[in-house]
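# Overview (structure and organization)
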Amino acid sequence: MSLPLELKTLAVDNARRSEAGDALAPLRGDSLSALEAAAFPDRKTEQWKYTSLHPLTDGHLKTQANGALPDALPTLADHRLVMSNGRLQEALSQLPEGVTLHRRARQRDELLTPFALYNGAALTDAITLEVAANTEISAPLHLLLHAASDAPAHCQTRVEVLLNPGSKLTLIEHYIGQGPVLNNAVTVIEARDNAHLTHYRLQSEREDTLHISTLLFRQTGVSRIDSYQLMGGNRLRRNDVRALLEKSGAELNMQGVFVARGQSHIDNQLCVEHRVPHCTSNQVFKGLAGEKGKAILNGRIHIHEGAMGTLAELSNKNLLLSPGAEIYTKPELEIYNDDVKCAHGATVGQLDAAQQFYLQSRGITLAEAKRMLSLGFVNELILALPDEGVARWVQPWLAGELSQYPGVNEEAA
Amino acid sequence: MLEIRDLHAAVNGKAILKGLDLTVNPGEVHAIMGPNGSGKSTLANVLAGRDNYEITGGQAILDGHDLAELEPEERAQAGLFLAFQYPVEIPGVSNMEFLKAALEAVRKAQGKEEWDSVTLLRKAREACKQVNLDAQFLKRGVNEGFSGGEKKRNEIMQMLLMEPRLALLDETDSGLDIDALQTVARGVNSLRSPERGIVLVTHYQRLLDYIVPDHVHVLSDGRIIKSGGKELALELEQKGYGWLTGEEESA
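Each residue is numbered by its place in its chain's sequence as written, counting from 1. Each chain gets a letter, beginning with A, and each ligand a number, beginning with 1, in the order they are written. In view of the model being predicted, local features appear only for residues whose pLDDT reaches at least 70, and side-chain atom pairs are presented and counted only at 80 or more, with totals across whole chains, interfaces and linings using the full set of residues.

### Section: the interface of chain B and chain A
Contacts between the two partners involve 19 residues from chain B and, on the opposite side, 18 residues from chain A. Elements that contribute at least two residues to the side of chain B that touches chain A include exactly helix H2 (72-77), strand E7 (90-94) and helix H3 (95-109) of chain B. Every helix listed is a DSSP run of H or I at least four residues long, and every strand listed is a run of E at least two residues long, numbered separately from the N terminus. Sorting elements by how many residues they give to the side of chain B that touches chain A places H3(B) first, with five residues. Three classes are used: nonpolar for Ala, Val, Leu, Ile, Met, Phe, Trp, Tyr, Cys and Pro, charged for Asp, Glu, Lys and Arg, and polar for all others, with Gly counted as polar. The class makeup of the residues in the side of chain B that touches chain A is 13 nonpolar, three polar and three charged. We call two residues in contact whenever the C-beta atoms placed from their backbones are within 7 Å.

### Observations concerning helix H4 (residues 117-130) of chain B
Residue and element names in this part refer to chain B. A rise of 1.5 Å per residue sets the reference length of H4, with its 14 residues, at 20 Å; its end C-alpha atoms lie 20 Å apart and thus fit the reference within 8%. Listed in full, the buried residues belonging to H4 are Ala124, Ala127 and Cys128. Seen along its axis, H4 keeps its buried residues to an arc of 100°; they face one direction. Turned more than 90 degrees from where H4 packs its buried face, Val118, Thr119, Arg122 and Lys129 sit exposed. Summarising the contacts, the buried residues of H4 are in contact with H3 and helix H5 (148-162). At the exit of H4 stands Asn132, carrying a positive phi of roughly 65°. Every helix has an expected span of 1.5 Å times one less than the residues it contains. To assign burial, the other C-beta atoms lying within 10 Å of each residue's own C-beta are counted, with C-beta atoms placed from the backbone; 20 or more indicates buried, 12 or fewer indicates exposed, and intermediate counts indicate partly exposed. The arc in question is traced by the directions running from the helix axis to the C-beta atoms.

### A word on the pairing of strand E13 (residues 251-260) of chain A
All names here are of chain A. Buried residues dominate E13, accounting for eight of its 10 residues. For strand E11 (residues 224-231) and E13, the ladder comprises eight bridges, and the chain directions are parallel. Within the sheet, the bridge partner assigned to Asp226 lies in E13 and is Asn253. Sheet analysis places E13 next to strand E15 (residues 280-289), joined by 10 bridges and oriented parallel. When the sheet's bridge partners are listed, Gly256 is paired in E15 with Phe285. Paired strands, as defined in this entry, are two strands with at least two bridges between them according to DSSP.

### Comments concerning the UniProt feature "domain: ABC transporter" (unreviewed entry) in chain B
In this numbering, the UniProt entry assigns the feature "domain: ABC transporter" (unreviewed entry) to residues 2-246 of chain B. Within residues 2-246 of chain B, the helical portion is 37% and the strand portion 29%, while the C-alpha atoms at the span's ends are 30 Å from each other. UniProt positions are given in the numbering used here, feature names are shortened, and annotations may be inferred rather than shown by experiment.

### Some thoughts on the sheet that holds strand E2 (residues 87-88) of chain A
Residue and element names in this part refer to chain A. Strand order in the open sheet made by the 10 strands is E2-E1-E5-E7-E9-E11-E13-E15-E17-E19, with mixed pairing throughout. The open sheet has two edge strands, E2 and strand E19 (340-350), and neither has a second partner. Pairing of E15 with strand E17 (residues 310-320) involves 10 bridges; the strand directions are parallel. Within E17, the residue paired with Thr280 across the bridge is Leu311. On the sheet, helix H5 (residues 366-382) packs against E13, E15 and E17 and is oriented at approximately 160° with respect to E15. Orientation is described by lines fitted to C-alpha atoms, with helices fitted over the stretch in contact, and by angles between N-to-C directions that extend from 0 to 180 degrees.

### Focus: the pairing of strand E7 (residues 168-178) of chain A
All names here are of chain A. In terms of burial, E7 is a largely internal element, nine of the 11 residues being buried. In the sheet, strand E5 (residues 141-148) pairs with E7 via eight bridges, with the strands oriented parallel. The residue of E7 that forms the bridge with Leu144 is His174. The sheet contact formed by E7 and strand E9 (residues 196-203) spans eight bridges and is parallel.

### Considering the sheet that holds strand E11 (residues 215-220) of chain B
Residue and element names in this part refer to chain B. Strand order in the open sheet made by the six strands is E6-E9-E10-E3-E11-E12, with mixed pairing throughout. In this open sheet, the two edge strands, each paired with only one partner strand, are strand E6 (80-83) and strand E12 (223-228). Neighbour-to-neighbour, the strand axes of the sheet open up by a mean angle of 20°, direction not taken into account. Of the strand pairs in this sheet, strand E3 (residues 29-33) and strand E10 (residues 197-201) are connected by four bridges, and their pairing is parallel. Within the sheet, the bridge partner assigned to Ala31 lies in E10 and is Leu200. Those strands touched by H5 are E6 and strand E9 (166-170), and its axis lies near 165° from that of E6.

### Some remarks on the nonpolar core
Side chains of a nonpolar character, in soluble globular proteins, are inclined to be buried together. The nonpolar core criterion groups buried Ala, Val, Leu, Ile, Met, Phe, Trp, Tyr and Cys residues into a set whenever they are joined through C-beta atoms within 7 Å. Membership of the largest hydrophobic core comes to 189 residues, with the highest contact counts inside it found for B:Leu168 and B:Leu200. With near-sequence residues (within four places) excluded, B:Leu200 lies in contact with B:Val29, B:Ala31, B:Ile32, B:Leu169, B:Leu207, B:Ile211 and B:Pro213.

### Quick word on helix H1 (residues 40-48) of chain B
Residue and element names in this part refer to chain B. Counting buried residues along H1, nine of its nine residues qualify, which places the element largely inside the surrounding structure. For H1, the complete set of buried residues consists of Lys40, Ser41, Thr42, Leu43, Ala44, Asn45, Val46, Leu47 and Ala48. At the C-terminal side of H1, Gly49 shows a positive phi close to 95°.

### Looking at the environment of A:Leu375
All names here are of chain A. The residue Leu375 is located in helix H5 in this model. Note: C-alpha distance between Leu375 and Gln395 (20 residues apart in sequence) is 9.7 Å. Setting aside residues no more than four positions away along its own chain, Leu375 makes contact with Leu398 and Leu402.

Right, dumping it as structure tokens:
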């Protein structure tokens, strides 16, 4: 049996076995029908050409993850919601006033990837957070999404967030985990009129984990979303990010940093759709790859017919730290309209020899010089993070991501 | 302290230094002058260990260390400091963060007491003041958006903090107006000490009005062709280099 077919069969079997008769049953049923009709990707699938699903052949889809939460959980904000292996941990969760929690999720036609369909079809739990209209939630909400297992296993994490008209929220979507576990996650965020979301997506699982996720933004109202996405390296990281600008005046800002060191693999597939006139999107991503690390960014901007007055920008600058590292970046513009302003740029470079020598000439070792220059490369984005809790968290996290990988000899690469 | 014997060096495979001898004793200030293309900057970069600047013969010994055997950072830790002709800009790395890393590495290697962050900041502010550089520059990216003069003053500021055994200044006077030149010269003069050697690489005599050298050498085609006292610089100013090199001097 081919790998895609094998994975699909396992996924469908898992979906059929998942608990019946609860509030999630209709969603599972709809998703299962869609999943049965969908094809799992192979290397000939354009959007998967750099990412193999081979790591999943260890049997991840055969077992449900049940690894324990660590004793000490990271604390980035006063209010926290914890999901472990896809299940809400009520005892560890406390919501701010103005946010309501529902244990449900909806079928969404906008979710296209087979892994997103599989998420819906095999759900064991799901949460929807609703921010009340005309309510400003002043303190950030830390959404801690944990997955762990000692042996190959999987879990489905599902979060939906609805910002009602006039609401304001800072959400820290934070993935942690360890062991050979696949966290197959779906996050759907809808912003209605005059809503403002500040969104952080922190992906800091350990190196041995796998992460496949879909993030869907729907700006159904005149709204603003500022999203900051920080991605560490692990065995397989695949982020499908889709943003739909569906009402004139909506504004989306996405910034991101990804660091693929050691043997890490990070694949970002971004798609911003301008469906109506006069929306703005601005994307700035910076990537680093070292040793045998591999990073991919495909940035699609789709400007629909009639979406005049669109402003869309995408920049992706990357740095290769070692001869064995790989980076593939591609802006992809699809414009069906004359009256648009659209700018894009993508670069892949190396550390500057003159800068390295300057630091060395002041007594700094080459390894430390490389670390400082790597940090310097992403610092403009890191220093601009507005939330204090995240800003405090990010420095040690980034230092860890940029520290030496003693197991991989980069000079020999 | 610095002993250069029959030094040959090539840049990207092209021979530039062709048998250079130079001895610098503690407490001395040497000026190395010469026409464009004579190898002045090559000498500075070879000593500091820049990539593609290769020693092909002879030796350069600093306090018993054969420089050819040391990495650039080890040379700095051994007390060598190069003030660059064209200091590079490093956006994203703040001047302060850079100074902290440099001083930690060098002071540790030299067995000096480590400075805590309060001491470091105080010393850095003092050094800035000494070269007329606003302390705000400590927060900015290394040389990022600095004017030519600010870059040169930033080099001298670093030199004051690093307290090198041997300071090499590569065309530090180029592009400076007279006020900046005097500021830079004051900084360098404050470092003159019986423990320290200073080598000034310069094309023009005017820097030597403010930093008076003990010895002046003329470099031509990769060799020192004449050495003398400070009066040699004045003679060069009047006559140009042509009378020594036998060529028309255009600069």
